[in-house]
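A structural walkthrough
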Amino acid sequence: MKTYSKVAISFALLGAFNAQAGSKYHRLIWDNAPQSQATIGFTPNGSSNHYVKYGVSTDESLWQRKNVTASHTFDGSLQSKFVKLTGLSANKAVYYRVCDDSGCGQRLWF
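Residues numbered from 1 in each chain as written. Predicted model: local features only at pLDDT ≥ 70, side-chain atom pairs only at ≥ 80, totals over all residues. Heavy atoms only, no water.

Attention now moves to the packing of aromatic side chains. The tally for this structure, following the rule as stated, stands at three aromatic pairs. Considering the side-chain rings of Trp-30 and Phe-110, the 5.7 Å spacing of their centres and the 75° angle between planes classify their relative orientation as edge-to-face. A residue pair is termed long-range when its members are at least 10 positions apart, and Trp-30 in the loop between β1 (23–29) and β2 (38–44) and Phe-110 in the segment after β9 (108–109) qualify at 80 residues. By relative accessible area, which is 44% here, Trp-30 ends up partly exposed. One aromatic cluster in this structure is built from Trp-30, Tyr-96 and Phe-110. Just above the ring of Tyr-51 sits the side chain of Arg-65; from NZ or CZ to the centre is 3.6 Å. (Phe/Tyr/Trp six-rings, centres within 6.5 Å; stacked < 30°, edge-to-face > 60°. Helix = DSSP H or I, 4+ residues; strand = E, 2+ residues; numbered from the N terminus. Buried < 20%, exposed > 50% of the residue type's maximum accessible area, 1.4 Å probe, protein only. Lys NZ or Arg CZ within 6 Å of the ring centre and 35° of its normal.)

What follows deals with the pattern of salt bridges. Summed over all chains, the structure comprises two salt bridges. A salt bridge links Arg-97 to Glu-60; the shortest N-O distance between them is 2.7 Å. Highlighted residues: Arg-97 in strand β7 (residues 95–100) and Glu-60 in the loop between β3 (51–55) and β4 (64–67), separated in sequence by 37 residues. A relative accessible area of 24% means that Glu-60 is categorised as partly exposed. A salt bridge links Arg-107 to Glu-60, with the nearest nitrogen and oxygen atoms 3.8 Å apart. Of this pair, Arg-107 sits in the loop between β8 (103–104) and β9 while Glu-60 is found in the loop between β3 and β4, placing the two residues 47 residues apart along the sequence. Connected via shared salt-bridge partners are Glu-60, Arg-97 and Arg-107. (Salt bridge = Lys/Arg side-chain N within 4 Å of Asp/Glu carboxyl O.)

None of this, on its own, says anything about what the molecule does.
The following block contains the structure:
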């Protein structure tokens, strides 16, 4: 019974955190020049004016902001937004957050 309670609490906390992020279903796309470009795709979650903050260190004061560069709805219901990052250095970690009018989501990296 204790294991079930811990799992239920973990999912409840994760759900509460994701509700504040304003996006879900993140994906990364490398297509044209993978050594220097990446596209971050995500599905908006109830907020507006999405953008991505990103940088090559965990010091977010040095990060850049990039607005959505494309949008597409798949199968009539899965809305997706895309932000293309260019000028990236090969073999370096890139840290990012998807943000909107209500704030920024969890810091991720690739």
